[in-house]
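Residues per chain are reported as follows:
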Amino acid sequence: MSIEKDIKQASFKSAHSKAMVNIVYTNNWLATLQMEVLKPYDLTLQQYNVLRILRGHHPEPITVIGIIERMLDKMSNASRLVDKLLLKEMVVRRECPNDRRAVDILITEKGLDLLAELDVLQKQWEQQLYGLTESEALQLSDLLDKLRQSPPESEQ
């Protein structure tokens, strides 16, 4: 289906406008599919992102600031997300031995086990992109990278 049919809009001001609308719409579509996978596990997209960051850093601890630097959603409150994961026993906190003002965060075995289970579901979720060849998926990723590096219109 085309973006025009999906949002019932016949035309756009420009190709760039159409692309931006399509990116936002597609992001929301993918996020909705991802949330459906995570809902039975009582996880949000942001909590899932934090767990994946912690697993990627495992077995080493990471600070909340380190988590924030790696998060996909930069507007998330990482401290609050860690608190919620702490209540679910997915993470632990400990005082940083090098800086007593900092707190280290570590993923627990329970968190690792949950991610292992979700990995199977994640692979199925990613099949939403299997309408693209591997080459097309790389091209799409490269184009999105290029879009984020473009200067503001006033500088062009």
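What you see is a predicted model; the values in this text were computed from it and never measured. (Residues numbered from 1 in each chain as written. Predicted model: local features only at pLDDT ≥ 70, side-chain atom pairs only at ≥ 80, totals over all residues. Heavy atoms only, no water.)

> Give me the lowdown on the environment of Leu106, citing residues and values where you can.
If you trace the backbone, Leu106 turns up in strand β3 (residues 103–107). According to the relative accessible area criterion, Leu106 is buried, its value standing at 13%. Separated by 46 residues in sequence, Leu106 and Glu60 have C-alpha atoms that sit 7.3 Å apart. Among residues more than four places away in sequence, those in contact with Leu106 are Pro59, Glu60, Pro61, Met90, Val91, Val92 and Arg94. (Helix = DSSP H or I, 4+ residues; strand = E, 2+ residues; numbered from the N terminus. Buried < 20%, exposed > 50% of the residue type's maximum accessible area, 1.4 Å probe, protein only. Contact = heavy atoms within 4.5 Å.)

> How would you sum up the sheet that holds strand β2 (residues 91–95)? Please name residues and give values.
With respect to topology, three strands assemble into an open sheet ordered β1-β3-β2, the strand pairing being antiparallel. If you trace the sheet from one side to the other, it starts and ends with β1 (62–63) and β2, each paired once. Pairing analysis gives five bridges linking β2 to β3, with the strands arranged antiparallel. Its bridge partner lying in β3, Val91 is registered against Ile107. This element, helix α5 (residues 78–87), spans β2 and β3 of the sheet and lies at about 115° to β2. (Pairing = 2+ DSSP bridges. Axes fitted to C-alpha atoms, helices over the stretch in contact; angles between N-to-C directions.)

> Outline the layout of surface pockets, listing residues and values.
In this structure, the largest pocket occupies an estimated 1400 Å³ of space. As for the largest pocket, its lining consists of 35 residues, of which Asn27, Leu30, Leu72, Trp125 and Leu144 are closest to the centre. Looking at the lining of the largest pocket, the elements with two or more residues in it are α2 (15–38), α3 (45–57), α6 (109–126) and α7 (134–149). A per-element tally of the lining of the largest pocket places α7 first, with 10 residues. Of the residues that constitute the lining of the largest pocket, the class distribution is 17 nonpolar, 11 polar and seven charged. (1 Å grid on protein atoms, 1.4 Å probe; cavity = no way out; pocket = protein on both sides within 12 Å on 5 of 7 lines; lining within 4 Å. Points joined across faces, edges and corners; volume = space filled by probe spheres on them. Nonpolar A, V, L, I, M, F, W, Y, C, P; charged D, E, K, R; others polar.)

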